[in-house]
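Listed below are the residues making up each chain.
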Amino acid sequence: MLAMLLYASCRIVYAVTSLSHSFANFVNVLVHTQIISLDPTFIEAYNRRATALFGLHRAQECFADLEHVLRANPMHYGALCGKVCFSFLLILVPLEQYY
């Protein structure tokens, strides 16, 4: 059931990406936050929300979601890649400038 909800929400988000990536990321955060409230054990919702948070320049929340995913599954490829990219970004751009 939750997987179907996630799939449907992603289709909606991708449908609005032509309007604005920021708006799509905002909707993505809202949808995945709702999914997390329904099932906090659904780790992929945290990963997808982290991706959207990164796009919205909400670095601390993004990093917290990535950490949550990696605590649950230390070998989660998407979260590992996200954390590495995020770490390189922080080396190149101070956190204050990213906001």
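All residue numbers refer to positions counted from 1 along the written sequence of the respective chain. Residues qualify for local features only when their pLDDT is at least 70, as the model is predicted, and side-chain atom pairs are given and counted only at 80 or more; totals for whole chains, interfaces and linings, by contrast, use all residues. Excluding hydrogens and water, the side-chain values take into account all heavy atoms of the structure.

Chemist: For this particular structure, what's the right way to read the packing of helix 2 (residues 21-38) against helix 3 (residues 43-55)?
Modeler: Helix-helix packing is described using two parameters, namely the angle between the two axes and the distance between the axes. Where helices are involved, their axes are fitted lines through C-alpha atoms of the stretch in contact, as for all axes, and angles between N-to-C directions lie from 0 to 180°. In DSSP terms, a helix is any run of H or I states spanning at least four residues, a strand is any run of E spanning at least two, and both are numbered starting from the N terminus. Between helix 2 and helix 3, the shortest axis-to-axis distance is 9 Å and the interhelical angle comes to 155°. Taken as axis vectors, helix 2 and helix 3 run roughly antiparallel relative to one another. In the crossing of helix 2 with helix 3, the sense of the turn from one axis to the other is left-handed. Across the interface between the two elements, N25, N28, V29, H32, T33, I35 and I36 of helix 2 pack against A45, Y46, R48, R49, A52, L53 and G55 of helix 3. Should an angle fall under 35 degrees it is taken as roughly parallel, and over 145 as roughly antiparallel, whereas 65 to 115 is taken as roughly perpendicular and any remaining angle as oblique. Here is the rule for handedness: rotate from the far helix to the near one, and if that takes an anticlockwise turn smaller than a right angle the crossing is left-handed, while a clockwise turn gives right-handed. Throughout, a residue-residue contact means that at least one pair of heavy atoms, one from each residue, lies within 4.5 Å.

Chemist: I keep staring at unusual backbone geometry and nothing clicks. Help me out?
Modeler: With the exception of glycine, most residues fall at negative phi, and the peptide bonds are largely trans. A positive phi angle, close to 65°, is found at H57, a residue other than glycine. For H57, the position within the fold is in the loop between helix 3 and helix 4 (59-72). With relative accessibility at 38%, the residue H57 sits in the partly exposed group. Between buried and exposed lies partly exposed: a residue is buried under 20% and exposed over 50% of the maximum accessible area for its type, with that area taken using a 1.4 Å probe on protein chains only.

Chemist: Would you take a moment to explain the pattern of salt bridges for this structure?
Modeler: A pairing counts as a salt bridge when a side-chain nitrogen of Lys or Arg comes within 4 Å of a carboxyl oxygen of Asp or Glu. Tallied over the full model, the rule gives 4 salt bridges. In this structure, R49 and D65 form a salt bridge, with 2.6 Å as the shortest nitrogen-oxygen distance. With R49 in helix 3 and D65 in helix 4, this residue pair connects regions lying 16 residues apart in the sequence. Taken as a pair, R49 and D65 share a single burial class, namely buried. Linking E67 and K83 is a salt bridge whose minimum nitrogen-to-oxygen distance equals 2.4 Å. Placement of the pair is E67 in helix 4 and K83 in helix 5 (residues 77-92), with a sequence separation of 16 residues.

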